[in-house]
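# Overview (structure and organization)
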Amino acid sequence: QVQLVESGGGLVQAGGSLRLSCAVSGSIFSINDMGWYRQAPGKQRDVVASITSGGTTNYADSVKGRFTISRDNAKNTVYLQMNSLKPEDTDIYYCHANLKVVGNYWGRGIQVTVSS
């Protein structure tokens, strides 16, 4: 059974930083793309950043220059460094991993709250 466990969320003031982590465990052959999404209540889940197994990254326009996604393939972990946080970054953040053979998995989500 595959599990994605997020950590690192919380409450921060505008302009501050947080670092999210997501560890993938279980029956893993290999991990393709990994990413972070966010979703506000009643709204669709949108991609924040993604990273391929080779390290190619993509970002939503709203976070470019402020957020950095990275991964440690030896630890099956993906990170999201969030700097210069804004109140509009407040959301539930979800980790996503596309695993070879077994498909797509999601974490349970972690709250990020940015106060003004």
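Residues numbered from 1 in each chain as written. Predicted model: local features only at pLDDT ≥ 70, side-chain atom pairs only at ≥ 80, totals over all residues. Heavy atoms only, no water.

### What to know about the overall build of the chain
The helix and strand tally for the chain stands at zero helices and eleven strands. Walking the chain from its N terminus toward its C terminus, one meets helices and strands in the order β-β-β-β-β-β-β-β-β-β-β. Taken against the 2.2 N^0.38 rule, which gives 13 Å for 116 residues, the C-alpha radius of gyration of the chain at 14 Å falls within 12% of a compact globule. Referenced to the eigenvectors of the C-alpha coordinate spread, the extents of the chain come out at roughly 45 × 25 × 20 Å. Considering the chain as a whole, with its 116 residues, one finds that 37% of them fall into the buried category. Sequence separation of 24 or more characterises 52% of the internal contacts of the chain that already satisfy a separation of 6 or more. Taken as a whole, the chain presents about 6200 Å² of accessible surface, with 46% of it coming from carbon and sulfur. (Helix = DSSP H or I, 4+ residues; strand = E, 2+ residues; numbered from the N terminus. Rg over C-alpha atoms; globule rule 2.2 N^0.38 Å. Buried < 20%, exposed > 50% of the residue type's maximum accessible area, 1.4 Å probe, protein only. Contact = heavy atoms within 4.5 Å. Areas by Shrake-Rupley, 256 points an atom, 1.4 Å probe, with all protein chains shown as cover.)

### Describing the state of the cysteines
In this structure the tally under the stated criterion is one disulfide. Here Cys22 connects covalently by a disulfide to Cys95, the sulfurs 2.1 Å from one another. Here Cys22 and Cys95 share a disulfide; its torsion about the S-S bond, -85°, makes the bridge left-handed. With a gap of 73 residues between them, Cys22 in strand 3 (residues 18-25) and Cys95 in strand 9 (residues 91-99) connect regions that are remote in the sequence. An identical accessibility class is assigned to Cys22 and Cys95; each is buried. (Disulfide = S-S within 2.5 Å.)

### Side note on the pattern of salt bridges
For the coordinates displayed, the defined rule picks out four salt bridges. Put simply, Lys64 and Asp61 hold a salt bridge, and the shortest N to O gap is 3.1 Å. We note a salt bridge from Asp89 to Arg66, for which the minimum N-O separation is 2.7 Å. Of the two residues, Asp89 sits in the loop between strand 8 (77-82) and strand 9 while Arg66 sits in the loop between strand 6 (57-59) and strand 7 (67-72), which places them 23 residues apart along the sequence. Accessibility assignment for this pair places Asp89 and Arg66 in one class, buried. Linked through salt bridges whose partners overlap, the residues forming this network are Arg38, Arg66, Asp89 and Asp91. (Salt bridge = Lys/Arg side-chain N within 4 Å of Asp/Glu carboxyl O.)

### Concerning the side chain of His96
Residue placement: His96 occurs in strand 9. Among the polar contacts made by the side chain of His96, one reaches the side chain of Asn104 at a distance of 3.0 Å. Residues contacting His96, with those up to four places away along its chain left out, are Leu4, Asp33, Met34, Gly35, Tyr37, Asn104, Tyr105 and Trp106. (Polar contact = N/O pair within 3.5 Å; in protein donor to acceptor, adjacent residues only side chain to side chain.)

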